[in-house]
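Residues per chain are reported as follows:
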Amino acid sequence: MSFYYRNRLPTMHFQFVIALSSIMLSTTVTGFPLSQFYPFGSAVGDIILPSNDDESTPSIYVSVPFPFFGSSYSSIYVNNNGYVTFDPALKQFIAQAFPINGSHKMIAAFWTDIDTDPGGSLWYRTTTDSTTLQNGTNTVRTVFPSFGTFSATWMMIVTWNDVAAYDCSDTGAINCQQRNTFQLVLISNEVHSFAVFMYNVINWTNKAEAGYNAGDGIHYYSVPGSMTESMLNLPQASNVGVPGQFVFMVDKKTTDVIPQILTFESNSSVLREGKSAWLNLDLRGNTMYEVQWFHSGYLISNSTRRYKLTSFETQTNTSLHTLQINDVLKRDEGEWKIIVKNSVMDISSHLNLTVIPRLLLIMTPQYDFSIMMGEKINLQCTVSNPESLRDAANGSLVMTKDGTVLSGLISSNLSTTWTKTTAMEDDTGRYTCTHSSYQDPMYVSVNVTVFKPEQNRCESEWSDGILWNITLANTTKEEPCPSKQKGMATRYCTQLGVWESPSFIKCTTEAFIIALSQIDEIIEDGLDGLENTEKVQEVINDTLKLMKNLTSSTFELSAGDLSASLDVLDKIVNVTNSTGSAIEKEVFYAVIDNVLSTNNTKSWAAVSEKTDKDASSILKNMDRISEIVIQSGNITASQFSGLNFELTVNKTNLDENGICFPDVSPCNKTKIKEQNPTFLELPKQNMEAESAINYVAVVYKTMSDILPSASDSGQNGGNSVQKSKTATFVNSQILSLTTQKDLGELDPNLTLTFRHITNNEFTKIEASCVSWDFTISKWTKEGCYVIQSGQNKTVCQCSHLTNFAILMRPYFPVTEDQPLLKTMSLVGVILSISFTAFTFIIYIMTWRYIKSDQNIIMMNLCGSLILSYVIFISAVEQKSNEAACIAITSVIHYLFLVTFFSMLGMGVYYFMSITVTYYAMYVANNFKSKSRVQWFLLAIWGVPFLITTTTLGAFWGEGYHLESYCWLSIESGSLYMFIIPVCLICVLNILIIVSLVRVLCASSAMMKSSLQKKATSGLRSLGTLLPVLGVTWLFGILAVNENADVFQYIFVIANSLQGFFIFVSHVLLNKKVIQGLRNRYPVISSLKSKAEHGKPEADSASQSQSTSKSNSALVTTKKKSIFQRILDSKEENLDLTERTISTDIHSSVTHEKNSAVPENKSTNLTVTLLAEENRGFRFSFILNLWQKRSVQ
């Protein structure tokens, strides 16, 4: 993170020069190497200050005035106690904390009471030696990048070599053998001046002060830790990132002020994995600066999922910068560094953190297992990383079974074992191991199943390098992978106790795991905001080289290794895309070529079956890499030619030249004609191109067998021949073209010529031009169409760019009777809609005369049936828009279900009004005592809504509708959510019909009739009830079999006449409706219903319900006498006449001789159930799907 911060500048614009320190664990350390000190001693002309306690040198002449915070000095004094002063000399041996007002104008490297009498020496000199000056110049330029032109003209070097403390002794607090060595260097060019401190060893301290003091109370600085024991750590502290070295600017000639690091610390130098931690930087400065955080060389650019960076001002000119680490990981271990930058210099500090890993327990056996009664159970739990138990040494491993602590454990420091000599059935359970004193709940478990000897099982056996231990039948066994592989192998033991073939999809060679871990590490670093482009690029390319060797060194990749390879490639592309790292393209292409080898076909099949990966990931990653490659400004034309794919990278002006691939442009027509290759040709486009654009063209030679063949079949126009649904397959190489700019819709189109892998035998294979849609992960015909298709090749044109191929689908021509069925179905649907609409309109016209609960249901039935048919016919083939097709499918599904539930409602009315009345008059009277239509309507419209929404939710994205039509798919199973309710309703209505016929046959009138009359009445009643109650739909279910032609015709004919039957039985033969028409339109009063012409006698109960009082006299006595005879033979029973069932199905309830029914209490229930007219669905089958199927 780059954090910019500006504090308020003081009025005097004083400049602070700062240093920092790191708190180290050791007390005696070696810091800045003595060999890198400026040379000192008599050999280089140094002057030695004679051994003394608190003496200073005489005034030392400065040939170049030395600027020191606003003043220039030409003389300087060196004191034995670790400092230099400017006018006057000081002999103060007791250090004071800065600031000090007055005459203490000093620079102190280590101000304390030093005594050179016990040994050691103090050397000093001023110099203008060019070599020494150049070294000083380099130091300044390195630390202060903005002083790139600085050149030193004068320097002073003061060295305290191996000096001791005053009053040291062999038995005192400070031993005389403890010595300090440090150096103070002054550098100046008369304009700017600098002070450099270098510490080799600091073995003793006695309240020492380090820093500088201008004597004005404003310009001063104390090295962190001054006047404390922390001064012993100076050899490892720094303000410039070099342990033991501090550099300060002390001239105050610049307006930039150097910030001062007060502290840089963490909550602990030893962290525990999984816990939280923080690092604090306390900073003082009064100008703009930038704070950067680094871990192991990676820059933390901003707050991330685990790292949170905050900064705020604590007081004037002081700020606190914090890095919060959430969920500490092992990789957080190592060096943490901060760099503070401004326009003058960079200062830094660092610290090292140790991370204790999480506890890792291993149970042996590692996976769940079965064991036979009487056998020995042996479980062992082991700590695999003892370092995780730091601070948890007093605890021990504990093993439990289903939460109960086991006894008899044999334990050591890092393992525990539990043994049961004879396994019993109650030993079955979950065994868990944990550590009693570990801070966090860490455990490992294994399930043990003890089975009886007579139970089926798979016996132990060696297979594929694995010992598959005895396993209970109908169980999947897990075992460690073979040697040199990591992961888990699985094998199923069937119910009969037979082993199936093992699966190694989760077994991966260790080298592939290493490659994955390398990529995962830099991905995790990226997620944590760590930036190091050079390291990322190095890791990516090293991993690619490793992958190239791994994929080329084996004849066939295992399914697990292939799956790991796809993961590595996908992650490499993701990292490359997000970081902008340069990738070695040739190596990447070589890995792709190896992965696409035909030797890996079986592994591709296993990966596609067992995982969510397939070969389309190769297409996707190649497209993404191509986009990265061609986005660079200048590219060099290049080619890659492998065994399994070829690639060309180039550029062209599309308004002047086209693109032809794989052949060089212009395409060699002779070669094309002779060899019939697969190639693409993009003509020059009708566009204005400002410059040449880059492009990548690819041909995949061997992907046809491993790519999915699922397609999102769109409508490409034209009159295609009706075909049965058959399996498709990719029958060509794959062509791809990617351009630097999105060309949109091409003008003219891209032409693609595909050589068939399997030759087309005459007309038995249909070719489709398709492109891969990464959004839906399927082939789609959108924007592509066939220009020419022959036995050996297919020519396509497409209006866009992506990955292209051809799909082939075998089919057989339709039979000759198919057009007849189609015509019959279409005509039948139109007739059904027409008659149903007539019924609906007439009911509306006569509603005030025929209003009843039964007719309300009839109106709902007619309306839903008309809407479902109309929408089905007009919209079932509107497949161009996926969302619209889903909506159409759900609406048709809903309306058809409403129709069927309306039929069921009508059936229930029949049942309650006739059958129940016949057997239980009290129940029937109670049912008819008040209107219950609202509950019927709630069920009719509510239950289908629940079924439809449930189906939509359950099959969303899983093949809800057919690929070619907007109707439920039988492949995915969504169609069963229509078929099952329909079948249930049909069965219920059949039962109702049986009960009605039984009542009819039980009537005295029918019992006394002739056999011919009984047969005639029964057939007439069935002819009316079967279509009305939707039973004819059962023929449609039987007609699903392509060989059952007879059921197809019966279904089409019966359902085509359904609307006609409704119109006849519920309009023409319904006297209430006819009477209503007469009352509303007197002009047709002369018309007579068919029922009146056929039998002058009318049902008295039916006539009593008529709303026309003028026609009440039409009630005859013949019908009444029939009911009277029924009542004479069976008390409180209902008689149903032949005419009743064949027309309106009237019922009359009487008690003994009281047969009169009040006019205002109608018992006539006209149950006109439109019998789920299914011609719409039949029409769908005929128009779109109904044909003889080919043999797959």
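Up top you'll find the structure we're talking about.
In short, a report on the structure.

Turning to the overall build of the chain, a few remarks are in order. Within the chain, the regular secondary structure consists of 26 helices and 54 strands. Split into buried and exposed, the 1192 residues of the chain put 53% on the buried side. Across the chain, the fraction of contacts at a sequence separation of at least 24, relative to all contacts at a separation of at least 6, is 72%. Counting only carbon and sulfur atoms, one obtains 54% of the accessible surface of the chain, whose full area is about 52,400 Å².

Bringing the packing of helix α2 (residues 510–527) against helix α4 (residues 559–579) into the picture now. Contact geometry of α2 with α4 gives a least axis separation of 10 Å together with a crossing angle of 25°. Considering the angle they form, α2 stands roughly parallel to α4. Relative to α4, the crossing made by α2 is left-handed. Two secondary-structure elements touch here, α2 through Phe512, Ala515, Leu516, Ile519, Asp520, Ile522 and Ile523 and α4 through Asp561, Ala564, Ser565, Asp567, Val568, Lys571, Ile572 and Val575. A class-by-class count of the residues in the contact of α2 with α4 yields 10 nonpolar, one polar and four charged.

This part covers the nonpolar core. The biggest cluster of nonpolar side chains holds 58 residues, and the ones touching the most others in it are Phe588, Tyr589, Ile618, Met622, Phe645 and Met703. Counting residues per element, this core draws most heavily on α4, at nine residues. In this structure Met703 touches Leu596, Ala615, Ile618, Leu619 and Ile734, once residues within four positions along its chain are discounted.

Time to look at the packing of helix α3 (residues 533–552) against helix α5 (residues 585–595). Between α3 and α5, whose axes approach to 9 Å, the crossing angle comes to 25°. On the basis of their axis angle, the class for α3 and α5 is roughly parallel. Handedness of the crossing formed by α3 with α5: left-handed. Within the contact between the two elements, α3 uses Leu544, Lys545, Met547, Lys548, Thr551 and Ser552 and α5 uses Val587, Phe588, Ala590, Val591, Asn594 and Val595. Here the residues of the contact of α3 with α5 are counted per class, giving seven nonpolar, three polar and two charged.

This part takes up helix α20 (residues 1058–1068). The element α20 is extensively covered by neighbouring structure, given that eight of its 11 residues are classed as buried. Among the residues of α20, those classed as buried are Gln1058, Gly1059, Ile1062, Phe1063, Val1064, Ser1065, His1066 and Val1067.

Let's shift gears to the environment of Thr949. With respect to the helices, strands and loops of the structure, Thr949 is situated in helix α14 (residues 933–954). Sequence spacing of Thr949 and Ser890 is 59 residues, and the spatial spacing of their C-alpha atoms is 8.0 Å. Polar contacts involving the side chain of Thr949 include one to the main-chain carbonyl oxygen of Leu946, which spans 3.1 Å.

Further remarks concern the pattern of salt bridges. All chains considered together, the criterion is met by 20 salt bridges. Put simply, Arg457 and Glu459 hold a salt bridge, and the shortest N to O gap is 3.0 Å. You can call Arg457 partly exposed: its relative accessible area is 21%. A salt bridge links Asp570 to Arg624, with the nearest nitrogen and oxygen atoms 4.0 Å apart. Of this pair, Asp570 sits in helix α4 while Arg624 is found in helix α7 (residues 616–630), placing the two residues 54 residues apart along the sequence. One network of salt bridges, with partners in common, ties together Glu273, Asp327 and Arg358.

By the definition in use, this model includes seven disulfides. Through a disulfide, Cys381 is tied to Cys433; the S-S separation comes to 2.0 Å. Classification of the bridge connecting Cys381 and Cys433 rests on its S-S torsion, roughly -85°, and on that basis the disulfide is left-handed. Separated by 52 residues along the polypeptide, Cys381 in strand β26 (residues 377–383) and Cys433 in strand β31 (residues 429–435) bring together distant segments of the chain. A single burial state applies to Cys381 and to Cys433, both of which are buried. Note on cysteine connectivity: Cys885 is disulfide-linked to Cys966, with sulfurs 2.2 Å apart. Looking along the S-S bond of the Cys885-Cys966 disulfide, the torsion reads about -125°, which is the left-handed sense. Within this pair, whereas Cys885 is found in helix α12 (residues 882–919), its partner Cys966 is found in the loop between α14 and α15 (976–1002), the two being separated by 81 residues in sequence. Residue classification places Cys885 among the buried residues on the basis of a relative accessible area of 0%. Take Cys983: it sits in no disulfide, and the sulfur closest to it among the cysteines is that of Cys986, at 6.4 Å. In this structure Cys986 comes out as buried when scored by relative accessible area, which is 0%.

This part covers unusual backbone geometry. A cis amide bond links Phe98 with the next residue in sequence, Pro99, at an omega value of 10°. Structurally, the position occupied by Pro99 is in the loop between β5 (83–85) and β6 (106–111). Following Asp747, the chain continues into Pro748 via a peptide bond in cis, with omega recorded as 0°. Among the secondary structure elements, Pro748 is positioned in the loop between β48 (734–739) and β49 (750–755). Unusually for a residue other than glycine, Glu190 sits at a positive phi of about 80°. Turning to its location among the elements, Glu190 is positioned in the loop between β10 (180–188) and β11 (193–202). Unlike most non-glycine residues, Asn474 shows phi in positive territory, near 65°. On the secondary structure map, Asn474 appears in the loop between β36 (471–472) and β37 (475–480). Judged by relative accessible area, which is 47%, Asn474 ranks as partly exposed.

Right, let's get into the sheet that holds strand β3 (residues 60–68). The strand order β3-β4-β5-β6-β12-β13 describes an open sheet built from six strands, whose pairing is antiparallel. Each edge of the open sheet carries a strand with a single partner, namely β3 and β13 (220–222). Ignoring strand direction, the axes of neighbouring strands in this sheet form an average angle of 25°. Across three bridges, strand β4 (residues 71–79) lies against β5 in antiparallel orientation. In the strand pairing of β5, Tyr77 is matched with Thr85.

Hydrogen bonds between backbone groups are what pair the strands of a sheet, and the pairing can be parallel or antiparallel. Here four strands make up an open sheet; going across it, the order is β24-β26-β30-β29 and the pairing antiparallel. Looking at which strands have only one partner, the edges of the open sheet turn out to be β24 (361–364) and β29 (410–411). Inspection of the sheet shows β24 paired to β26 by four bridges, in the antiparallel sense. Bridged to Met363 within β26 is Cys381.

Let's shift gears to the packing of aromatic side chains. Within this structure, the stated rule accounts for 47 aromatic pairs. Aromatic pair Phe110 and Phe182: ring centres 5.6 Å apart, planes at 45°, arrangement tilted. Of this pair, Phe110 sits in strand β6 while Phe182 sits in strand β10; the two residues are 72 residues apart in sequence, bridging distant segments of the chain. Just as Phe110 is buried, Phe182 falls in that class too.

Moving on to the side chain of Ser238. For Ser238, the location among the structural elements is in the loop between β13 and β14 (245–249). Ser238 sits in the buried class, given a relative accessible area of 7%. Engagement of the side chain of Ser238 in a polar contact is seen with the backbone nitrogen of Gly241, the distance being 3.1 Å. Polar contacts involving the side chain of Ser238 include one to the main-chain carbonyl oxygen of Val242, which spans 2.9 Å.

Rules behind the numbers
- Residues numbered from 1 in each chain as written.
- Predicted model: local features only at pLDDT ≥ 70, side-chain atom pairs only at ≥ 80, totals over all residues.
- Heavy atoms only, no water.
- Helix = DSSP H or I, 4+ residues; strand = E, 2+ residues; numbered from the N terminus.
- Buried < 20%, exposed > 50% of the residue type's maximum accessible area, 1.4 Å probe, protein only.
- Contact = heavy atoms within 4.5 Å.
- Areas by Shrake-Rupley, 256 points an atom, 1.4 Å probe, with all protein chains shown as cover.
- Axes fitted to C-alpha atoms, helices over the stretch in contact; angles between N-to-C directions.
- Parallel < 35°, antiparallel > 145°, perpendicular 65-115°, else oblique.
- Left-handed = near helix turned anticlockwise from the far one by under 90°.
- Nonpolar A, V, L, I, M, F, W, Y, C, P; charged D, E, K, R; others polar.
- Core = buried A, V, L, I, M, F, W, Y, C linked by side-chain atoms within 4.5 Å.
- Polar contact = N/O pair within 3.5 Å; in protein donor to acceptor, adjacent residues only side chain to side chain.
- Salt bridge = Lys/Arg side-chain N within 4 Å of Asp/Glu carboxyl O.
- Disulfide = S-S within 2.5 Å.
- Pairing = 2+ DSSP bridges.
- Phe/Tyr/Trp six-rings, centres within 6.5 Å; stacked < 30°, edge-to-face > 60°.

That is the geometry; function is a separate question.
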